Amino acid sequence: MLRGVARQLKIPEFIINRPKRSFGIRNEFWSEKGGVFEPLVPLASKAFEEKQIRDMQSSESNKAMTFWNMLNYAIWKRLCINNEPLELLQDELQECISRTTRSERN
C-alpha cells in the first residue's frame, strides 16, 4: 500500500524499491543501554515513556530496530508535529552528551 501511494506521489522507483541496509555495526554497539544513541533517549522520552524506550534497548534485532524507530519518530514528532525549534533539541542533546561524558568520568 505504501509503495502504491509513493508511486501516486511520483516518487522515483529507485527510492521506492531500494534495498534495506543496516548500519554495518553490530546491534550491541548502538542499541544497548550506554551505546552511542544513549544521549537521544531523554529527547525521545518526550514522545514515549522512558520505560518503553528502555525496554527496546537490546542487541536483539527486533527490539534494536524498534528502539531505532522510536528515536527517529520521537525526534520527527518533536520537530514536525510539535514544531519545537531545532535549536532546542540541539541544546538538549548537547546537555545529554555532557551529562553522559561527566558520568563516564566518575
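One can find the structure itself at the top, above this paragraph.
Residues numbered from 1 in each chain as written. Predicted model: local features only at pLDDT ≥ 70, side-chain atom pairs only at ≥ 80, totals over all residues. Heavy atoms only, no water.

Asker: Would you mind going over helix α6 (residues 61-81) with me for this structure?
Answerer: Each α-helix winds once per 3.6 residues, and so residues spaced three or four apart point in a common direction. For α6, which comprises 21 residues, the first-to-last C-alpha distance of 29 Å matches the rise-based estimate of 30 Å (1.5 Å per residue) to within 8%. Of all the positions in α6, only Ala64, Phe67, Met70, Leu71, Ala74 and Arg78 are classed as buried. In a view along the axis of α6, the buried residues occupy a sector of 115 degrees, so they form one face of it. One or two residues past the end of α6 sits asparagine 83, with phi positive at roughly 55 degrees. (Helix = DSSP H or I, 4+ residues; strand = E, 2+ residues; numbered from the N terminus. Expected span 1.5 Å × (residues − 1). Buried < 20%, exposed > 50% of the residue type's maximum accessible area, 1.4 Å probe, protein only. Arc of directions from axis to C-beta.)

Asker: Mind showing me how you'd approach the packing of aromatic side chains here?
Answerer: Geometry of an aromatic ring pair is reported as the spacing of the ring centres plus the angle between the planes. In the structure shown here, the tally under the stated rule is five aromatic pairs. With a centroid separation of 5.9 Å and 40 degrees between ring planes, the pair formed by tyrosine 73 and tryptophan 76 is classed as tilted. Remark: tryptophan 76 and tyrosine 73 occur in helix α6; sequence separation between them is three residues, near one turn of the helix. Counting every residue linked through ring pairs, the aromatic cluster contains Trp30, Phe37 and Trp68. (Phe/Tyr/Trp six-rings, centres within 6.5 Å; stacked < 30°, edge-to-face > 60°.)

Asker: In this structure, what is going on with unusual backbone geometry? I would like to understand it.
Answerer: Leaving glycine out, the prevailing phi sign among residues is negative, and the prevailing peptide bond configuration is trans. Despite not being glycine, lysine 10 has its phi angle at roughly 65 degrees, a positive value. Considering the arrangement of structural elements, one finds lysine 10 in the loop between α1 (2-8) and α2 (13-16). The residue asparagine 83 is not glycine, and still its phi comes out positive at about 55 degrees. With respect to the element layout, asparagine 83 can be found in the loop between α6 and α7 (86-105). Accessibility expressed as a relative area gives 61% for asparagine 83, which makes it exposed.

Scope: geometric values only; no functional claims are made or implied.
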